[in-house]
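# Structural overview
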Amino acid sequence: MTEHVLWYRRPAETWNEALPLGNGALGAMCFGGATDALLRLNDETLWSGSPASELVAPVVTADEARDALAEARAAVADGREEDADRHVRRLQHRHAQSFLPFADLRLRIDGATADQVEDYRRELDLATATHVAAGTRAGAGLSHRTWISAPHGVLVHELESDEPIDVRVELETQLRELGRVEIDTATTLLVQAPSDVTPPHDEVDEPVVYEDDAASVRGALHARIVTDGTPVRGGRVLRATRVTVVLATATTFTGMGRMPAGTERAAARRATERVDTAIAAGLDQVRAAQLADHARLYARAELAIGVAADPERDTAERLRDLAGADGGGAVDIGRDPGLAALLFHYGRYLLISSSRPGGLPATLQGIWNEDLRPDWSSNYTTNINVEMNYWGAHTANLSEAEEPLLGLIEALADSGAETARRLYDAPGWVAHHNTDAWGYTQPVGDGVHDAAWAFWPMAGFWLCRHLAERDAFGVADEAERRRAFRLLRGATAFALAWMTRAESGERGTALSTSPENTFRTRDGGSAAVAESATLDIVLLRAHLDEFLRLAHHLGHEDDPLVAQAQDARAGLPEIPIEDGSIAEWPGGREAVDPHHRHLSPLVFAYPGTEALTPELGAAASRFLDLREDESTGWSLAWKIALRARLGQPDRVADLLALVFRDMSIDRGDQSGGLYDNLLAAHPPFQIDGNLGYVAGLAECLVHSHGDAITLLPSWPAPLGAGSVRGLVARPGVEIDLAWDDTGAVTSARARARVASAHGEHTFRAGEREIEATLDDAWSVLIGE
């Protein structure tokens, strides 16, 4: 059974009940009121600050950084790790900037209340990217339909009533309002973003700062009413049966890492032009273009499992039903496996809606945020979260959605060169655990944040893994490979300067953390900074391997950095195993939190592609056993992907029971699940849990990291029989397959999506091994 619709029998009261729309640039959360329709709007380019935010005093000087690093290295060498933590905090700057809400659009029907509405239903159709809320009032039909067009860059909200109604169309903003112009049926709202927003985990006297002469983003929203009623001043429409609002936004943002330029009035002209163009084209034509554009991406892949859902149970009720009739039992996804397919489709939909070529990457909340001071600034956390957003992009047949991440990496490489020189006296470029649309690269924390997260100069190496995967999936062309080599080379130059060499010749890192975790010190305390945390070794091994591979492919063997990289790679140790488990830090260090949400030492197993020997696979599995299953939403998604990579479908099933928990119940801040709108809870909402789930379930369906493409390697039994089409395997092979409820593949076919994937391929399905020569046409592997 295919699942593509979320629906509910009452309007949303909170953000975690509202439903998301987006075209990659403009986002809306639809609350679905029939008599009071609220849409909370975001523009992907509306951020606080600018590139100048990274230069706001106090900035750590090169001399201060040199002293702090020397003291920290000495402390680690002496076994005084807590002192090392204190010294690296001296490298901290302030904070990265925040992704912000733009405005609220509201349509109110005069004299009408929600309790007058009967037969209410709201839904989000993932296949058409359309939100509908409808019901009857005094026997007359009332409906709202909302959609956002990528081709035309506009949001369209259509209100229709069987009887004439009076409607108020309102626009409000939390930003500084610079002006508002109302002419006939059009309203233009002019805004200014703050020059600085301090994240809510930091207490300051003035957390939101506006400066008249600062180079902060300015923007405009233009909304036009099209109606058969009588418009009057102030956004009111009288005696209408149809009220349509066509809306666009524009800002002075010019690109990642670039200073804003222009004025809010110039932005208003661009927004107005988009609305004018859409209306002139005819909204039926705009709608047709929107549907075709969305289908071009969304319809590429589909998962069908389970039987038809009970039509009387809405999405929130189905989620609660997984825990039994009274909602108090253990979650069993086998009660309604169609929800697993719906969540897979939802994740693909969210990526399409929040990340498009030419735009910005999906933030911690995609393209949707309602708070002026959002949790973790709703920006980019680079020690797992922004990477996880794109783990499933290739396998789920949405490779172009990852392109904005390349733009962010380039912005970090540009700004990170100065940070590498000033803080580390090193060539190349560096980035730390938190960044924003401006390419912020310094350690955050104002000198008081825990080194466990704030000190991590390894972000560039993890981000560069995405460049390697694009090539592995056949996405990159020669121009992109050259672009990637420049980025890899800069990160390699930093790596060679940052690595240490022992008398034995072994390479490592003198100051190292395992993201957000700490270990017990000899005196019973805790610390974060040590030598050569396993994640450092894993990332450096993979990075240098890819740099050397690409250098050979492009004919750059004579680059002097290549010989240095070869020497450094030869000196890196194997991944450490202690007591049968992957060691998070070598030398028998004990984690303060043995069940920590981060699984950093296992990056080599997933999303990495290192060959898993029996010993390495067993040690990775043991590490997961010791971590245990309970965790945050995004960590559960990572664990699913890891268990799937390890070929452990029963453990995947255990994790699915946690993913599909109802988060209307307070479970604490370290237990994930799903809100009523199926957005994943860290908690709070983080989109990486949704997008990581896509990657994890795809890993259950196909493996392509080894010497063969393996079909259905880790499918969990509770999900039963099904089929999937449109998955993509390395090196660019598209796959359709079906299976029965025993987990046996009953049919499969494949084709080469790109010329580089033409040729011989080996497939495995259970005990079967199939050799096939692929080209553009479909080849049957199993079945007829």
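Our subject is the structure listed above.
Presented here is an overview of the structure given in this document. (Residues numbered from 1 in each chain as written. Predicted model: local features only at pLDDT ≥ 70, side-chain atom pairs only at ≥ 80, totals over all residues. Heavy atoms only, no water.)

## Concerning the overall build of the protein chain
Looking only at helices and strands, one finds 17 helices and 35 strands in the protein chain. Across its three principal directions, the C-alpha atoms of the protein chain cover 85 × 70 × 55 Å. Relative to its 784 residues, the protein chain shows a buried fraction of 62%. Side-chain charges of the protein chain comprise 73 positive and 119 negative groups, with the mean position of each set lying 3 Å from the other. (Helix = DSSP H or I, 4+ residues; strand = E, 2+ residues; numbered from the N terminus. Buried < 20%, exposed > 50% of the residue type's maximum accessible area, 1.4 Å probe, protein only. Lys, Arg positive; Asp, Glu negative; His and termini not counted. Charge placed at Lys NZ, Arg CZ, Asp CG, Glu CD.)

## Brief notes about the packing of aromatic side chains
Counted by the stated rule, this structure contains 16 aromatic pairs. Where Phe485 meets Phe547, the ring centres are 5.4 Å apart and the plane angle is 15°; that geometry is what we call stacked. Of this pair, Phe485 sits in helix H11 (residues 478–498) while Phe547 is found in helix H12 (residues 534–554), placing the two residues 62 residues apart along the sequence. Centroid distance Trp715 to Trp739: 5.0 Å. Interplanar angle 65°. Geometry classified as edge-to-face. Of this pair, Trp715 sits in the loop between strand E29 (709–711) and strand E30 (722–729) while Trp739 sits in strand E31 (residues 733–739); the two residues are 24 residues apart in sequence, bridging distant segments of the chain. For Trp715, a relative accessible area of 8% corresponds to the buried category. Of the residues examined, Trp739 reaches a relative accessible area of 3% and is grouped as buried. Among the aromatic side chains, those forming a connected cluster through ring pairs are Trp391, Trp456, Trp462, Tyr606 and Trp638. It is Arg348 that lies over the ring of Tyr298; its NZ or CZ is 5.8 Å from the centre. Between the NZ or CZ atom of Arg751 and the centre of the ring of Trp778, over which it lies, the distance is 5.6 Å. (Phe/Tyr/Trp six-rings, centres within 6.5 Å; stacked < 30°, edge-to-face > 60°. Lys NZ or Arg CZ within 6 Å of the ring centre and 35° of its normal.)

## Re the packing of helix H1 (residues 62–77) against helix H8 (residues 403–424)
Relative orientation of the contacting elements H1 and H8 amounts to 60°, with a least axis distance of 7 Å. Here H1 is positioned oblique relative to H8, judged by the angle of their axes. The segment H1 lies against H8, with Ala62, Ala65 and Leu69 engaging Arg422, Leu423 and Tyr424. Tallied by class, the residues present in the contact of H1 with H8 amount to five nonpolar, no polar and one charged. (Axes fitted to C-alpha atoms, helices over the stretch in contact; angles between N-to-C directions. Parallel < 35°, antiparallel > 145°, perpendicular 65-115°, else oblique. Contact = heavy atoms within 4.5 Å. Nonpolar A, V, L, I, M, F, W, Y, C, P; charged D, E, K, R; others polar.)

## Let's talk about helix H4 (residues 283–298)
For H4, with 16 residues, the first-to-last C-alpha span of 22 Å sits near the 22 Å given by 1.5 Å per residue. For H4, every residue scored as buried is listed here: Leu283, Val286, Arg287, Gln290, Asp293, His294, Leu297 and Tyr298. One side of H4 holds all its buried residues, which, seen down the axis, span an arc of 130°. Opposite the buried face of H4, at more than 90 degrees from it, the exposed residues are Asp284 and Gln285. (Expected span 1.5 Å × (residues − 1). Arc of directions from axis to C-beta.)

## A short note on the sheet that holds strand E33 (residues 759–765)
Across the sheet, which stays open at both edges, the four strands sit in the order E28-E29-E33-E34 with mixed pairing between neighbours. The sheet is open, and its two edges are formed by strand E28 (702–703) and strand E34 (768–774), each paired on a single side. (Pairing = 2+ DSSP bridges.)

## Some remarks on the pairing of strand E7 (residues 130–137)
Bridge count for strand E6 (residues 117–125) against E7 is seven bridges, and the pairing is antiparallel. Paired with Leu124 across the strands is His131, a residue of E7. Linking two consecutive strands that pair antiparallel, namely E6 and E7, is a turn of four residues; a positive phi of about 55° is found at Ala129 within it. Two strands pair when backbone bridges link them, and E7 and strand E8 (residues 140–149) are joined in this way by eight bridges, in the antiparallel orientation. Among the inter-strand pairings, Ala133 is bridged to a residue of E8, identified as His144. Two successive antiparallel strands, E7 and E8, enclose a turn made up of two residues, where Ala138 displays a positive phi of approximately 55°.

## Description of the environment of Ala309
Take Ala309: it is sitting in the loop between strand E17 (302–305) and helix H5 (315–321). In this structure the C-alpha to C-alpha distance between Ala309 and Asp85, which are 224 residues apart in sequence, comes to 53 Å. Apart from residues lying up to four places away in sequence, Ala309 is in contact with Glu3 and Arg318.

## As for the nonpolar core
If you look at the biggest cluster of nonpolar residues, it comprises 231 residues, and the most contacted ones within it are Trp638, Phe660 and Phe763. Once residues within four sequence positions are removed from consideration, Phe763 is found in contact with Ile709, Leu711, Val733, Ile735, Ala750, Arg768, Glu769, Ile770, Ala772, Leu774 and Leu781. Residues Val156, Ala268, Ala278 and Leu283 belong to the second largest nonpolar core, which totals 15 residues. (Core = buried A, V, L, I, M, F, W, Y, C linked by side-chain atoms within 4.5 Å.)

## Some points on the packing of H4 against helix H6 (residues 338–354)
Look at H4 against H6: their axes get within 10 Å of each other, and the N-to-C directions meet at 125°. Comparing the axis directions of H4 and H6 gives the class oblique. Considering the relative orientation of H4 and H6, their crossing is right-handed. Contact with H4, carried on its side by His294, Leu297 and Tyr298, involves His345, Arg348, Tyr349 and Ile352 of H6 and no other residues of that element. Residues of the contact of H4 with H6, tallied by class, amount to four nonpolar, two polar and one charged. (Left-handed = near helix turned anticlockwise from the far one by under 90°.)

## Concerning the pattern of salt bridges
Where side chains of opposite charge bring their charged atoms close, a pairing between them can arise. Counted under the stated rule, the structure contains 62 salt bridges. In this structure, the salt-bridge partner of Arg300 is Glu400, at a minimum N-O distance of 2.7 Å. On the criterion of sequence distance, the pair formed by Arg300 in the loop between H4 and E17 and Glu400 in the loop between helix H7 (385–388) and H8 is long-range, its members being 100 residues apart. Relative accessible area serves as the criterion here: at 22%, Arg300 is assigned to the partly exposed category. A salt bridge links Asp471 to Arg549; the nearest nitrogen and oxygen atoms lie 2.7 Å apart. Linking Asp471 in helix H10 (residues 459–472) with Arg549 in helix H12, this pair joins segments that are 78 residues apart in sequence. Classification of Asp471 by relative accessible area gives buried; the value is 13%. Exposure remark for Arg549: the relative accessible area of 36% places this residue in the partly exposed category. Counted as one network, the salt bridges with shared partners bring together Asp293, Arg296, Arg300, Arg356 and Glu400. (Salt bridge = Lys/Arg side-chain N within 4 Å of Asp/Glu carboxyl O.)

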